[in-house]
Amino acid sequence: MNLSTQNPDLCSKCQLTDVQEFLTRFPIFSGAPAGVVNLFGYLSKKEEYKKGQSILEEGKNCDRLFLILSGKVAIFQYYNERRFHLQLLSGDGINYFGELALLAEFKWFFSAEAWTDVELISISREAFSKVMERYPESYQSMVRKIINVRIHRFVDQSSYLLDHISPEAWREYPEEEE
Amino acid sequence: MNKPGADSKVRITERSLFYWILRRHRPMQLFLLLVIVISLFFRVFPLEMQKRIINEAIYLKETELLFLYCGLYLGAVTIAGLLKYAINVMQLFTGQKILVEMRTELYQHVLQLPLQFYRKMQPGTVISAMTSELNAIGFFLGGAIAIPVTSVLTFSVFLGFMFNLNPLLAMLSIGIYPVELVLIPYLQKKYNTLNKRRVKTTRAMANVVNESISGIHEIHGNVSYGLEEQKLSSFIDQLHALMKKLFIVKYGIKFANNLFQSLGPFILFLVGGYMAINGQFTLGALVAFLSAYEKVYDPWKELIEYYQSYQDAKIRYSQIMKIFDLDPPHLLLPAGREPLALPGNIQLSNVTFTVGNGIKLLENINVDIKANEQIALVGFSGSGKSTLALLIAQLYDTSRGNIEIDDYDIEDLSKFDMGKSVAMIAQHPFIFSGTIYANLLYGIKAIAEDDELPDREQILSVIRDVGLQDDVVRFGLQAVLTAEECKPFRNKFLRMRQIILTSLRDDFANAIEFYDATKYLYYSSIRDNIVFGDSLSGEFLVERLADHAQFMELLREIKLENTLLTLGFALATQTVNLLADFQDDEFFFRDNPMEVDEFTIYSELLERLKGPQPEDVEDRRLLLTLAFRFIPNKHPIVSLPSALEQQILKARHLFQEIIVNIDMDHCKVTGSCKPCDKIPKCGESSAFIPFCPSEYMYTRTLLDNILFGAVKSEKLLDDHLRTLAQQAFQDEKLLDEVMAIGLKFEVGSKGDLLSGGQKQKLAIARAFLKDAPILIMDEATASLDNSSQARIQGLLENEFKGRKTVISVIHRLDLTPAYDRILVLKAGRIIEQGTYDELMERKGAFYELVHAES
Ligand SMILES: Nc1ncnc2c1ncn2[C@@H]1O[C@H](COP(=O)(O)OP(=O)(O)OP(=O)(O)O)[C@@H](O)[C@H]1O
Ligand SMILES: [Mg+2]
């Protein structure tokens, strides 16, 4: 219902509708029934991080998906105790990370850090499964979308890494094992 | 402590019911008898008056005599009534006094019964015996002597009076009594048998209920409600059938009584009337006789009832005493010396422990343990490790062979000797309801004098030793302190707040929205934003605000009421629309000012309402309450227009000025620390505490007070700010104070408010605090995480080495190398012993066990 009919002062800019509208821009939620998107909008949390602050750390338990509302987020991984940059995600486009956390419980295999001041919207796995319990018919298509999203990211990150690979590391065929 | 009473020579369970009655409160009981005898006179006297009124006053038509006799009659009846009242009260008092003694002594006896007894005994049986069954006896006790004595005396006096009037009539009218003497005991016997079965069934029922309440976790976990119901329902049916029979017999007895009572007058009228007509008997005498007959029946009835309740009490009593009929196996205090704290050389020779039908749980155990030696007991589940530990702690008694501690046979050591010498941590330790502090001191309080109790330093250091520090600090921070409790530390706590508000501000600002008298707070409710403080009386609680006339008046004045109603209406509408399918799931209401169980109320409200401004007071209250609870940044369902913020700030200002009448100016300066009561205008409404940097909020937790704001992100707070805060506490030397407050945390029944690990740590701390020379640990660290386990192990190796004899049952074999000696148990026998290296070299059972583990 529209609040503004009662009192033009109240809810001239409704937080909830904003978030809901924001969500529909994401491939995971596009095409989902309005009821589902509304609930996710309601259950999502706004998180703010200052530049340089850690958002999530490799090895910690994962529990939520992040959508970037504004600002830039650096995704990186540690390998042999060295930090490897993987991706810089920006709120200008449609960007998010941690989508697999909605589906399964695992330890983060990358870290994320606020590259500038950032505003994020997060949706927890608990919220996701609670909503999906009530809308089982949407579950399959949501899972399919999450996997697609994941594949996209995987392709992006691989090409990024291949672009930056040192010439010595380049191989055309598998190496012979001793 | 129990001083052996004068009559404690007869074991409590062997005393008869009358043992108690005849030996307790004799002067009181004698006095009671005296009163009874006196009262008798006043009961017979009216009969004589009756006769005289008819035979003299009426017959002679003497009005004056009539008045005199009537006056005397009245006086006597009144006095008799009063005396009867006094007798009843006195009876009851004595009865209850005896009951108290009986219960106390019995409880003392019951507590000292050996563990073996409790293996077989269900707690429900003990509980119902100690409570309801004893209660029923209490009623009998008071009248146990007085009632029969009164009844017999009254009976004889009235009977004498009747014989005096007319022996023939008297004979006739009591002629039916002997029939009753046969019939009633016959019925009573039936009743007794049924009653015994009733007692048994009730106990069985109590056991079932008791067990299911204790195992309620399992029941919920297994969804076994039906099973448990079935268990009880068979007993319910049995009891039902028994009670039916019981009442049929009981009322049969009553019926017989009443029948005989009505037969009497029939004979009297027939024979007495005939004699009166023939002039052999005066009319006055007949009336008096009739009265006397009625009176004589009362004591008779009382006697019969007494007989019944005596039988009843006797059965209950014997049933109670039968279950506890056992001697406590050990003396409480040693005879002729002070209790000893033994250094702890323990010698077991040929120790065998047999249960029930000759099953040997332990067989021929021979071990020599030197003082300060540390022994590990290992072996498969069920091999008898716990049993051996309990034997050494004197909680079980050997069947054959003997255990000596420092050359004292353990049989001859008193409970207090053992209490001083041994600290034991059981495999499943028990935590009592009460505070952490009370539980910690449980072991030591029982054996030590008050001035020997450990001081705070010692207690806190044990808390740290067992790794309970963080938990206790958390409990301390969660405590809501009264002004009285807070007083000694108030300024220090406020200093902590200052540190967070100033030097740590940047760290905390991410997680906390600090209270600021000049700003609108997005993480606080509208109620907090307006009231901006708490009243000690609860006057401004969110549920009460809508009924607060002065407060609502203020809102109306600045035209805020209608806006808030609209807000409440919007919140209700949005929530009801969005969550209609989720109204029973608490999860969806976490970020909503509505609570899950209020959903129906609000959805019904919305159906009733046409718009956001209802007329009905109750409807308005519902909408306003929702609005008052609304927290803009936590309840995203509706957003707050900025115009409203200004209005609310205005309301805050007016509220402070008009309603609570305080001056907030000094609260606006961050860093000001001047207490409000030092400022004019502050003392007037001292029951109100504003969110002011210089005020301690007695309605909020210690943590709330120190953070001084609403939490934005629990996660951030938990992740590293907590440690930061703890460090600050440490630097300010406040951690001990917080821990001392945390020690007052109430752990709930059986310690249910603690986690499994916390309970175990508490039990370890309790044993350590006792600081006895012998420490027996039965899987004491089994439910602790690895680091806590290692911490305790370190304590044994460093602190206790050379100070305590340690016997430790352990499953984790990687902990065994630290022990001086390892005993390997299998099927009740020691099959190997030696140091870790020796046993590993031997490649025997222990070696196998170690390899099976890795
Ligand atoms: N009072 C008793 N009456 C009858 N049987 C008993 C009694 N106490 C123990 N048992 C039995 O004796 C055996 C040894 O029990 P005990 O508790 O000593 O084993 P444990 O070695 O401590 O095992 P765990 O490692 O599982 O704690 C078990 O089979 C148990 O059922
Ligand atoms: Mg055991």
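Residues numbered from 1 in each chain as written. Chains lettered and ligands numbered in written order. Predicted model: local features only at pLDDT ≥ 70, side-chain atom pairs only at ≥ 80, totals over all residues. Heavy atoms only, no water.

Next up on the list: the overall build of chain B. Looking only at helices and strands, one finds 33 helices and 14 strands in chain B. Relative to the 2.2 N^0.38 estimate, which gives 29 Å for 854 residues, the radius of gyration of chain B is 39 Å and therefore markedly larger than a compact globule would have. Along the first, second and third principal axes, the C-alpha set of chain B runs to 115 × 90 × 55 Å. Expressed as a percentage of the 854 residues in chain B, the buried residues total 50%. Intrachain contacts of chain B at a sequence separation of at least 6 include 75% that bridge at least 24 residues. Accessible area for chain B stands at about 40900 Å²; split by element, carbon and sulfur atoms hold 57% of it. Averaged over its 89 positive side-chain charges, chain B has a centre that lies 6 Å from the centre of its 102 negative ones. (Helix = DSSP H or I, 4+ residues; strand = E, 2+ residues; numbered from the N terminus. Rg over C-alpha atoms; globule rule 2.2 N^0.38 Å. Buried < 20%, exposed > 50% of the residue type's maximum accessible area, 1.4 Å probe, protein only. Contact = heavy atoms within 4.5 Å. Areas by Shrake-Rupley, 256 points an atom, 1.4 Å probe, with all protein chains shown as cover. Lys, Arg positive; Asp, Glu negative; His and termini not counted. Charge placed at Lys NZ, Arg CZ, Asp CG, Glu CD.)

Time to look at the overall build of chain A. If you tally the helices and strands in chain A, you get 4 helices and 8 strands. Starting at the N terminus and walking to the C terminus, you meet the elements of chain A as α-α-β-β-β-β-β-β-β-β-α-α. Taking all 178 residues of chain A together, 42% fall into the buried category. Here the contacts in chain A between residues at least 6 apart in sequence split such that 73% fall between residues at least 24 apart. When the accessible area of chain A is evaluated, it comes to approximately 10500 Å², of which 51% is carbon and sulfur surface.

Attention now goes to the site of ligand 1. Residue and element names in this part refer to chain B. Near ligand 1 you find 15 residues, and of these G382, K385, S386, T387 and Q427 are the closest. In this structure, G382 approaches ligand 1 through a main-chain N or O atom, which is 2.8 Å from an oxygen atom. Of all the secondary-structure elements, those providing two or more residues to the shell around ligand 1 are helix 4 (115–120) and helix 11 (385–392). Examining the composition of the shell around ligand 1, we find that 3 residues originate from one element, helix 11, more than from any other. The residue inventory of the shell around ligand 1, partitioned by class, reads 4 nonpolar, 9 polar and 2 charged. (Near = heavy atom within 4 Å. Polar contact = N/O pair within 3.5 Å; in protein donor to acceptor, adjacent residues only side chain to side chain. Nonpolar A, V, L, I, M, F, W, Y, C, P; charged D, E, K, R; others polar.)

Tetrahedral coordination by four donors sets the ideal angle at the metal to 109.5 degrees; octahedral coordination by six donors sets it to 90 or 180 degrees. For the magnesium ion (ligand 2), the full set of protein donor atoms is S386 of chain B (OG) and Q427 of chain B (OE1), at a range of 1.9 to 2.3 Å. On the criterion of sequence distance, the pair formed by S386 of chain B in helix 11 and Q427 of chain B in the loop between strand 6 (422–425) and helix 13 (436–440) is long-range, its members being 41 residues apart. (Donors = N, O, S within 2.8 Å, 3.2 Å for Na, K, Ca; no water.)

The next subject is the sheet that holds strand 11 (residues 774–778) of chain B. Residue and element names in this part refer to chain B. The strand order across the open sheet formed by 6 strands is 6-11-12-3-13-14, and the pairing between neighbours is mixed. Where the open sheet ends on each side, the last strands, each with one partner, are strand 6 and strand 14 (829–834). Here the average twist between neighbouring strands, direction ignored, is 15°. Judged from the 5 bridges that link them, strand 11 and strand 12 (residues 805–809) form a sheet pairing that is parallel. Directly across from M777, in strand 12, lies its bridge partner S808. This element, helix 11, spans strand 3 (374–379), strand 6, strand 11, strand 12 and strand 13 (821–826) of the sheet and lies at about 145° to strand 3. (Pairing = 2+ DSSP bridges. Axes fitted to C-alpha atoms, helices over the stretch in contact; angles between N-to-C directions.)

Turning our attention to the interface of chain B and chain A. Across the contact, 31 residues belong to chain B and 25 residues belong to chain A. Across the chain B to chain A interface the summed buried area is about 2500 Å²; carbon plus sulfur atoms make up 61%. The interface formed by chain B and chain A contains 4 salt bridges. The partner of D585 of chain B in a salt bridge is K130 of chain A, with the nearest N and O atoms 3.2 Å apart. Inspection of the chain B/chain A interface yields 5 residue pairs in polar contact (both at pLDDT 80 or more). Contributing elements (two or more residues each) for the side of chain B that touches chain A: helix 23 (561–579) and helix 26 (642–659) of chain B. (Buried area = accessible area lost by both parts, 1.4 Å probe. Salt bridge = Lys/Arg side-chain N within 4 Å of Asp/Glu carboxyl O.)

What follows is about the confidence of the model for chain B. Residue and element names in this part refer to chain B. With 96% of its residues at a pLDDT of 70 or more, chain B shows a mean pLDDT of 86. When the criterion is pLDDT under 50, residues 1–7 qualifies, and its contacts beyond four places in sequence or with other chains add up to 8 contacts. The complex model carries a pTM of 0.75, and its ipTM stands at 0.83. (pLDDT = per-residue confidence, 0-100.)

Here we take up helix 31 (residues 786–798) of chain B. Helix length check: helix 31 of chain B, at 13 residues, gives a terminal C-alpha distance of 18 Å against a target of 18 Å (1.5 Å per residue), a fit within 8%. Structurally, helix 31 of chain B contributes buried residues whose contacts are with strand 3, helix 15 (456–465), helix 30 (756–770), strand 11 and strand 12 of chain B. (Expected span 1.5 Å × (residues − 1).)

Here the focus is the confidence of the model for chain A. Taken residue by residue, chain A gives an average pLDDT of 83. The fraction at 70 or more is 90%. This model gives residues 1–13 of chain A a pLDDT under 50, and the stretch forms 24 contacts once residues within four places in sequence are excluded.

Turning our eyes to something else, we now look at the packing of helix 15 of chain B against helix 29 (residues 735–742) of chain B. Residue and element names in this part refer to chain B. Running from N to C, helix 15 and helix 29 point in directions that differ by 85°, and their axes come no closer than 11 Å. The pairing of helix 15 with helix 29 is recorded here as roughly perpendicular in orientation. On helix 29, the residues touching R456, E457, L460, I463 and R464 of helix 15 are D736, E737, M739 and A740. Within the contact of helix 15 with helix 29, the residues separate by chemical class into 4 nonpolar, no polar and 5 charged. (Parallel < 35°, antiparallel > 145°, perpendicular 65-115°, else oblique.)

The domains assigned to chain B are domain 1 (14–323), domain 2 (346–431 + 754–853) and domain 3 (479–713). Spacing between the C-alpha centres of domain 2 of chain B and domain 3 of chain B amounts to 56 Å. (Domains from an automatic or database assignment.)

What follows concerns the side chain of E133 of chain B. Relative to the helices and strands, E133 of chain B resides in helix 5 (residues 123–165). Leaving out residues up to four positions away in the same chain, E133 of chain B has contacts with S128, V199, R203, R316 and I320 of chain B.

Ranked by internal contacts, the top residues of the largest apolar core, which has 175 residues, are F29 of chain A together with F628 of chain B. Each of domain 2 (346–431 + 754–853) and domain 3 (479–713) of chain B accounts for three or more of the residues forming this core. Excluding residues within four positions of it along the chain, F29 of chain A makes contact with L23, V37, F40, L65, L67, I123 and M142 of chain A. Formed by 36 residues, the second largest nonpolar core is a distinct cluster that contains F260, L286, A292 and Y293 of chain B. (Core = buried A, V, L, I, M, F, W, Y, C linked by side-chain atoms within 4.5 Å.)

Residues and elements named next belong to chain A. A complete count under the given rule lists 44 aromatic pairs over all chains for this structure. With a centroid separation of 5.1 Å and an interplanar angle of 70°, the aromatic rings of F109 and F110 are classed as edge-to-face. F109 gets classed as partly exposed once you look at its relative accessible area, which sits at 33%. Using a relative accessible area of 7% as the deciding quantity, one classes F110 as buried. (Phe/Tyr/Trp six-rings, centres within 6.5 Å; stacked < 30°, edge-to-face > 60°.)

Adjacent strands of a sheet pair through backbone hydrogen bonds, lying either parallel or antiparallel. Residues and elements named next belong to chain B. Read across the sheet, 4 strands follow the order 2-1-4-5 without closing on themselves; strand pairing throughout is antiparallel. Of all strands in the sheet, those with a lone pairing partner are strand 2 (359–369) and strand 5 (408–409), marking the two edges. Across 5 bridges, strand 1 (residues 346–355) lies against strand 4 (residues 400–405) in antiparallel orientation. Along strand 4, the bridge assignment pairs I346 with I405. Strands in contact with helix 11 are strand 1, strand 2 and strand 4; relative to strand 1, the strand with the most contacts, it is inclined by about 120°.

Before going further, it helps to examine the pattern of salt bridges. Residue and element names in this part refer to chain B. This structure, assessed with the given rule, holds 46 salt bridges over all chains. The salt bridge involving D516 is made with K519; its shortest N-O contact spans 3.4 Å. With a relative accessible area of 48%, K519 lands in the partly exposed category. D771 serves as the salt-bridge partner of R803, at 3.9 Å between the closest nitrogen and oxygen. One end of the pair, R803, is in the loop between helix 31 and strand 12; the other, D771, is in the loop between helix 30 and strand 11, and 32 residues separate them in sequence. Classification of R803 by relative accessible area gives partly exposed; the value is 44%. You can call D771 partly exposed: its relative accessible area is 43%. What you see here is one network of salt bridges that share partners, running through R11, E14, D325 and D327.

A regular strand places its side chains on the two faces of the sheet in alternate fashion. Residues and elements named next belong to chain A. Two elements, strand 4 (residues 72–79) and strand 5 (residues 82–90), share 8 bridges in a ladder whose sense is antiparallel. Residue pairing for strand 5: K72 is matched across the bridge by S90. Counting the residues in the hairpin turn of strand 4 and strand 5 gives 2 residues, including N80, whose phi is positive at 50°.

Turning our attention to the packing of helix 3 (residues 63–111) of chain B against helix 5 of chain B. Angle between the axes and distance between the axes are the two parameters that describe a pair of packed helices. Residue and element names in this part refer to chain B. In the contact formed by helix 3 and helix 5, the axes pass within 8 Å of each other and the chain directions differ by 145°. Helix 3 and helix 5 meet at a crossing whose hand is right-handed. Contacts between helix 3 and helix 5 pair Q91, L92, G95, Q96, I98, L99, M102, R103, L106, Y107 and V110 from the former with V126, M130, T131, L134, N135, G138, F139, L141, G142, G143, A146 and I147 from the latter. For the contact of helix 3 with helix 5, the per-class residue count stands at 14 nonpolar, 8 polar and 1 charged. (Left-handed = near helix turned anticlockwise from the far one by under 90°.)

So, about a negative patch on the surface. Residues E338, E449, D450, D451 and E452 of chain B make up a contiguous surface patch of negative charge. Along the chain, E449 of chain B falls in the loop between helix 14 (442–447) and helix 15. (Patch = residues over 30% accessible without salt bridge, like charges linked within 9 Å, V, L, I, M, F, W, Y side chains within 5 Å.)

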